[in-house]
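# A look at the structure
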Amino acid sequence: MTILENNTVLEKLKDKFGAYIISSEEQYGMLSVTADSAFNIDILKFLWEDKDLEFRFLTDICGIHYPDSPQPFGVIYHLHSFKYNVRLRLKFFLAEDQSISTATVMYASANWMERETYDFFGITFAGHPNLKRILNMDELTVFPMRKQYPLEDPNRVDKKDHYFGR
Amino acid sequence: MQQDTQLTEGIDKDLIVGEPEVEYTTLNLGPTHPATHGIFQNILKMDGEKIISSEQTVGYIHRAFEKIAEHRPFYQITTLTDRLNYCSSPINNMGWHMTVEKLLNIEIPKRVQYMRVVIMELSRIADHIICNSVLGVDTGALTGFLYVFQEREKIYDIFEQICGARLTTNIGRVGGFEREWPEKVFQLIEKFLKEFPKVWKEFEGLLTRNRIFMDRTIGVGGISAERALSYGFTGPNLRATGVDYDVRVMSPYSSYEEFTFDIPVGENGDTYDRFMVLNGEIWESLKIIRQALDKIKQEPAGVYRADAPNVVLPNKKEVYNNMEALIYHFKIVMGEIDAPVGEVYHAVEGGNGELGFYLVSDGGRTPYRLHFRRPCFIYYQAYPEMISGSLLSDAVVTMSSLNVIAGELDA
């Protein structure tokens, strides 16, 4: 089996998408690439089709929230190339009210992963066939994993975070 | 159209006006139904006993683990992982410990790694015992279930000797184990390795070539390898379709690369293949445990945790007599460990697939974000496709062979 280096993956992505690749880093052996959110499906398609990459397994999609950033919401994809046994992390950041294209056109598994991300962060996936809440109750009005929502009921006096050093 | 006119020639036209009446029934399977083994709801659209389509509702036992994890120091998150796949809690615990160790760059002694392998394989056996024996129950064979559950109790006895708990174990700590295993543990494992194969052979003998069982499972709830990959299948369910993806081999952790074992694979991805793959894995797990025990004997005795005083709790005796130990004790209990800023994804082969931990640390005492890649949450969405067109009783069998655990599904 030929070995696929993280550098090769990065170079190929940069060759193809150039300026749309915003940044990249390698932590604990896994390459992490941040790119323009408008091109998420193009990048996923390229990674799938390229004969030397073949990232064809979608391990995971999840969201993240950085409230102080101008693009507070992140969608993070974990991909796995079974052929070369390399994992890759892709990140796309979105402004409030911005949406990202759905990956359900490529992966059946993306359906629930994106619903979960929507359910907890309120990130909308354009073109998703059934974007509604999945784990939380339908009547919930907030997106609970956003950082502005505290874990405990704020009216309780016995469970203030500072008592616990948090 | 041509054929229709031919058929209707010479027949009284009034009799065949319109179409045969079709009436669909809506059936709620779950949320609490004895045949679903957990709290899932499936709203089935049925034509007689045939399933036309189905709609799933999940989230009945959602406990906001990812949110809670953002407010807890690393060592307190282990108890949350217990409650994901509660049929194989120790694997989740070990996976979490390894994720944190990867973040903190802690070197784990070989002996501890082998001890972890023993624990993980024992809990894999316990997990597969449940899945396969319950599949027997759903096809009408209760005897095997009651018989092999005794063996699961013996595995739980081993866990109890190590950590004091049986089901939600919280076993081990970041950096190793909380104490050395008592000699009793090794005796119990040896006893289990001696007695269990005989029992499991009998259980297999009851079902593997059983005509009724085969008729109920072969060709039921099948899925192709291509669809399974698209649906994000991992673990035994993917291997039943013929794809030999196993995290223990592809991205080895805890020294799995040093062990010799085979990956059982199926062919058709149906219920029978899943049953056979799980059976095969139990035999492989036994092989791995045997090798691990032999390896433990060759390592220096008494090593049960890493030499990392800023992460591993010191012994109580030292805490009372030694200033540094006291300081570390306080710092660790309050969660003040020096976590670097960084992101880690670590995956382990759980009982039912690739269990992944995606941890984002901002250097604080709690994770900034923790996401659990829960295998059955991802593959359970293929269930409607797998059961559409089949009978209601097949749907029940398919679900129990998929090894869907409500705790993991809903997090």
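An account of the accompanying structure is given in this report. The structure presented is a predicted model; accordingly, all values stated were derived computationally and were not measured.

Here is what the cut-offs are and how they apply
- Residues numbered from 1 in each chain as written.
- Chains lettered and ligands numbered in written order.
- Predicted model: local features only at pLDDT ≥ 70, side-chain atom pairs only at ≥ 80, totals over all residues.
- Heavy atoms only, no water.
- Helix = DSSP H or I, 4+ residues; strand = E, 2+ residues; numbered from the N terminus.
- Buried < 20%, exposed > 50% of the residue type's maximum accessible area, 1.4 Å probe, protein only.
- Contact = heavy atoms within 4.5 Å.
- Areas by Shrake-Rupley, 256 points an atom, 1.4 Å probe, with all protein chains shown as cover.
- Core = buried A, V, L, I, M, F, W, Y, C linked by side-chain atoms within 4.5 Å.
- Buried area = accessible area lost by both parts, 1.4 Å probe.
- Salt bridge = Lys/Arg side-chain N within 4 Å of Asp/Glu carboxyl O.
- Polar contact = N/O pair within 3.5 Å; in protein donor to acceptor, adjacent residues only side chain to side chain.
- Phe/Tyr/Trp six-rings, centres within 6.5 Å; stacked < 30°, edge-to-face > 60°.
- Pairing = 2+ DSSP bridges.
- Axes fitted to C-alpha atoms, helices over the stretch in contact; angles between N-to-C directions.
- Patch = residues over 30% accessible without salt bridge, like charges linked within 9 Å, V, L, I, M, F, W, Y side chains within 5 Å.

### Regarding the overall build of chain A
The helix and strand inventory of chain A stands at three helices and seven strands. When its helices and strands are written in sequence order, chain A yields α-β-β-α-β-β-β-β-α-β. Reported as C-alpha extents along the three principal axes, the dimensions of chain A are approximately 60 × 40 × 30 Å. With 166 residues in all, chain A has 51% of them scored as buried.

### Concerning the overall build of chain B
Looking only at helices and strands, one finds 18 helices and six strands in chain B. For the C-alpha atoms alone, the extent of chain B along its principal axes is close to 105 × 45 × 35 Å. For chain B, the share of sequence-separated contacts (at least 6 apart) that also reach a separation of at least 24 residues comes to 69%. Roughly 16800 Å² of accessible area belongs to chain B as shown, and the carbon and sulfur atoms make up 54% of that amount.

### Focus: the nonpolar core
The biggest cluster of nonpolar side chains holds 163 residues, and the ones touching the most others in it are Tyr 77 and Leu 90 of chain A together with Trp 181, Ile 189 and Phe 233 of chain B. Core analysis: the second largest hydrophobic core is formed by five residues, Ile 130, Val 134, Phe 145 and Ile 405 of chain B among them.

### Some words on the interface of chain A and chain B
Interfaces are often described in size by the accessible area the parts lose on coming together. Facing the 47 residues of chain A at the interface are 46 residues of chain B. Between chain A and chain B, a total of about 3900 Å² is buried, with carbon and sulfur atoms accounting for 57% of that surface. On the chain A side of the interface with chain B, the three residues burying the most area are Tyr 28, Trp 112 and Leu 135 of chain A, jointly 20% of the side's total. Between the two partners, chain A and chain B, sit six salt bridges. Glu 343 of chain B is paired through a salt bridge with Lys 91 of chain A; the nearest N and O atoms lie 2.5 Å apart. Applying the counting rule to chain A against chain B returns 24 residue pairs in polar contact (both at pLDDT 80 or more). Contributing elements (two or more residues each) for the side of chain A that touches chain B: strand S3 (57–65), strand S4 (73–81), strand S5 (86–94) and helix H3 (110–121) of chain A. Among the elements that line the side of chain A that touches chain B, the one with the most residues is S3 of chain A, at nine residues.

### Details of helix H3 (residues 74–82) of chain B
The set of residues buried in H3 of chain B consists of Phe 74, Ile 77, Thr 78, Leu 80, Thr 81 and Asp 82 of chain B. Of the surrounding elements, those touching the buried residues of H3 of chain B are helix H2 (65–69), helix H4 (89–104), strand S5 (354–362) and strand S6 (369–373) of chain B.

### A look at the packing of aromatic side chains
Residue and element names in this part refer to chain B. What the rule picks out here adds up to 31 aromatic pairs over all chains. When the centroid spacing of 6.1 Å and the interplanar angle of 55° are considered together, the rings of Tyr 256 and Phe 259 count as tilted. Taking relative accessible area as the criterion, Tyr 256 reaches 1% and is therefore assigned buried. A residue is classified by how much of its surface remains accessible, and Phe 259, at 7% relative accessible area, is buried. When the centroid spacing of 5.8 Å and the interplanar angle of 80° are considered together, the rings of Phe 357 and Phe 372 count as edge-to-face. With Phe 357 in strand S5 and Phe 372 in strand S6, the pair connects residues that are 15 residues apart, well separated along the chain. Of the residues examined, Phe 357 reaches a relative accessible area of 0% and is grouped as buried.

### A look at the sheet that holds strand S1 (residues 21–27) of chain A
All names here are of chain A. In space, the five strands of this open sheet follow the order S1-S2-S5-S4-S3, with mixed pairing throughout. Edge strands, defined here as strands with exactly one partner in the open sheet, are S1 and S3. Averaged over all adjacent pairs, the angle separating strand axes in this sheet is 20°, with direction ignored. Taken together, the eight bridges between S3 and S4 define a ladder with antiparallel strand orientation. Across the sheet, Asp 60 pairs through a bridge with His 78, a residue of S4. Sheet strands in contact with helix H2 (residues 40–49) are S1, strand S2 (30–35), S4 and S5, and its direction is about 170° off that of S5.

### Remarks on the environment of Leu 44 of chain A
All names here are of chain A. Topologically, Leu 44 is positioned in helix H2. Taking C-alpha positions, Leu 44 is 9.6 Å from Leu 58, a pair spaced 14 residues apart along the chain. Among all residues touching Leu 44, those that are not within four sequence positions of it are Tyr 77, Leu 79, Leu 90, Ala 103 and Met 106.

### Digging into the pattern of salt bridges
Pairing between side chains of opposite charge can happen when the charged atoms of each approach one another. If you walk through the whole model with that rule in mind, you get 38 salt bridges over all chains. For the salt bridge of Asp 52 of chain A with Lys 12 of chain A, the shortest nitrogen-to-oxygen distance reads 3.5 Å. With Asp 52 of chain A in the loop between H2 and S3 and Lys 12 of chain A in helix H1 (residues 6–17), this pair connects stretches of sequence that are 40 residues apart. Since its relative accessible area comes to 23%, Lys 12 of chain A is described here as partly exposed. A salt bridge links Glu 54 of chain A to Lys 83 of chain A; the shortest N-O distance between them is 3.5 Å. Residue Glu 54 of chain A is located in the loop between H2 and S3, and its partner Lys 83 of chain A is located in the loop between S4 and S5; the two are separated by 29 residues in the primary sequence. On the accessibility criterion, Lys 83 of chain A (41% relative accessible area) is partly exposed. Through salt bridges with shared partners, a single ionic network connects Glu 121, Arg 124, Arg 239, Asp 246, Arg 248, Glu 281 and Glu 349 of chain B.

### Overview of a nonpolar patch on the surface
The grouping of Tyr 75, Leu 313, Val 333 and Met 334 of chain B at the surface amounts to a nonpolar patch, some 310 Å² of accessible area in total. The exposure class of Met 334 of chain B is partly exposed, given its relative accessible area of 40%.

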